[in-house]
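# Geometric and topological summary
Here is what each chain is made of, one letter per residue.
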Amino acid sequence: MGSGIAHVAALAGLEVAMVDVNPAALDKAVASIARNIDRQVAKGAVTAEAKERALARITTGTDHSVFADADMVIEAATENAEVKKGIFRALCPVLKPTAIIATNTSSISITGLAAATDRPARFIGMHFMNPVPVMRLVEVIRGIATDDATFEATVALAQRLGKTTATAADYPGFIVNRILVPMINEAVQALQEGVGDVVSIDTAMKLGTNQPMGPLELADFIGLDTCLAIMRVLHEGFADSKYRPAALLVKYVEAGWLGRKTGRGFYDYSTTSPSPTR
């Protein structure tokens, strides 16, 4: 997600710094951005010159000090509140007082994350959809302390990046994942109960509801660990059994079958044509 955000920001003419604890991950991210912009060049959506200018705007580093002059920092770490809070505690001392922090969390409380910073008024949720260069939506979520100037600046940035914004209240899952991930979880529950196999469930939902991906294929694309993390946030946040994660989803994550990123989830991606695992 971080590389996708950097991709669209650099193409929009913004200077971008990317930080990761692993230098190899940064090299991989820059290479991925270059490949993805090449696809846009091939389609005529971006010129070769624009690609070179965008890549020249991206710098990388393993230390938060590269953000010293940043106007906005967008955190896109794994969907774990404690990991994110640790990042914010390390980040805040190097930022200028006027800098805004946005989190790309897909479900975690903005108010709770803001409390781990020195600037709750200048903290906001900016939830991009994956893949960022393709998906047009950004959910903008205010915490209880987020001020108007921060909200307006965030909406303006999203629009500069060519995105359409939807404003969501600070409730677990916000809009998209409160509706989407329980649907995925219900598909896993149906698979667990033998209502249909993987292919039947995905085919039924694609053709029956005109979705480009079936829910199990989509879960693999998102990452089963991310789906499980979101369901757990919903279950804990609402204390409602309808958000309880399907046992089969838990088992797949325990097995390390996380979807496309591990080569195996509800489908096995080691073959030319992915084959169902159940």
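Just so you know, these numbers come straight off a predicted model, no measurement behind them. (Residues numbered from 1 in each chain as written. Predicted model: local features only at pLDDT ≥ 70, side-chain atom pairs only at ≥ 80, totals over all residues. Heavy atoms only, no water.)

## Remarks on the pattern of salt bridges
The criterion, for reference: We count a salt bridge whenever a side-chain nitrogen from Lys or Arg sits within 4 Å of a carboxyl oxygen from Asp or Glu. Helix and strand assignments follow DSSP, with helices taken as H or I runs no shorter than four residues and strands as E runs no shorter than two, numbered in order from the N terminus. In this scheme, a residue with accessible area under 20% of its type's maximum is buried, one over 50% is exposed, and one in between is partly exposed, where area comes from a 1.4 Å probe on protein chains only.
Applying the stated criterion across every chain yields a total of 12 salt bridges. For D71, the salt bridge identified is with K96, shortest N-O distance 2.8 Å. Residue D71 is located in the loop between β2 (58-61) and β3 (72-75), and its partner K96 is located in the loop between α4 (81-91) and β4 (100-103); the two are separated by 25 residues in the primary sequence. Judged by its relative accessible area of 26%, K96 is partly exposed. For R142, the salt bridge is made with D148, and the minimal N-O distance between the two is 2.7 Å. Put simply, E75, E79 and K84 are held in one network by salt bridges that share partners.

## A look at the UniProt feature "domain: 3-hydroxyacyl-CoA dehydrogenase NAD binding" (unreviewed entry) in the chain
Put simply, the rule reads: UniProt positions are given in the numbering used here, feature names are shortened, and annotations may be inferred rather than shown by experiment.
Per the UniProt annotation, the sites labelled "domain: 3-hydroxyacyl-CoA dehydrogenase NAD binding" (unreviewed entry) are residues 1-169. End-to-end, the C-alpha atoms of residues 1-169 are 22 Å apart, and along that stretch the chain is 40% helix and 20% strand.

## Digging into the nonpolar core
Defined as follows: We call a set of buried Ala, Val, Leu, Ile, Met, Phe, Trp, Tyr and Cys residues a nonpolar core when their side-chain atoms join them within 4.5 Å. Any two residues having at least one pair of non-hydrogen atoms within 4.5 Å are treated as being in contact.
If you look at the biggest cluster of nonpolar residues, it comprises 29 residues, and the most contacted ones within it are V16, M18, M126 and F128. Broken down by secondary-structure element, the contributors of at least two residues to this core are α1 (2-11), β1 (16-19), α2 (23-42), α3 (48-56), β4, β5 (123-128), β6 (137-142) and α6 (148-160). Counting residues per element, this core draws most heavily on α1, at 5 residues. Apart from residues no more than four positions distant in its own chain, F128 is found in contact with M1, I5, I74, N104, L137, V138 and L161. Core analysis: the second largest hydrophobic core is formed by 25 residues, M231, A246, L248 and L249 among them.

## Notes on unusual backbone geometry
Among all residues save glycine, negative phi is the norm, and among peptide bonds the norm is trans. At the junction of N130 and P131, the peptide bond is cis and its omega measures out at 0° in the coordinates. Within the secondary structure layout, P131 lies in the loop between β5 and β6. The phi angle at F174 is positive, at roughly 55°, despite the residue not being glycine. Not every positive phi belongs to a glycine, and A239 is a case in point at roughly 50°.

## Digging into the sheet that holds β6
The test is simple: Note on pairing: DSSP must find at least two bridges between two strands before they are called paired. Geometry is summarised by axes, namely lines fitted to C-alpha atoms with helices restricted to the contacting stretch, and by angles between N-to-C directions that run from 0 to 180 degrees.
Reading across the sheet, the 5 strands line up as β3-β4-β5-β6-β7 and stay open at both edges, with mixed pairing between neighbours. This sheet does not close on itself; its edge strands, each paired only once, are β3 and β7 (164-168). Strand-to-strand twist of the sheet, defined as the mean angle between neighbouring strand axes without regard to direction, takes the value 30°. Sheet analysis places β6 next to β7, joined by 5 bridges and oriented parallel. Residue pairing in the sheet places V140 in a bridge with T167 of β7. Sheet strands in contact with α6 are β3, β4, β5, β6 and β7, and its direction is about 25° off that of β5.

## Considerations on the packing of aromatic side chains
Test applied: The pairing test for Phe, Tyr and Trp rings, Trp by its six-membered ring, is centres within 6.5 Å, and the orientation test on the planes gives stacked under 30 degrees, edge-to-face over 60, and tilted for anything in between. Here, a charge over a ring means that NZ of Lys or CZ of Arg falls within 6 Å of the ring centre while also lying within 35 degrees of the ring normal.
If you walk through the whole model with that rule in mind, you get 5 aromatic pairs. By way of ring pairs, the aromatic residues Y252, W257 and F266 are connected into one cluster. Above the plane of the ring of W257 lies R264, whose end atom (NZ or CZ) is 4.2 Å from the centre.

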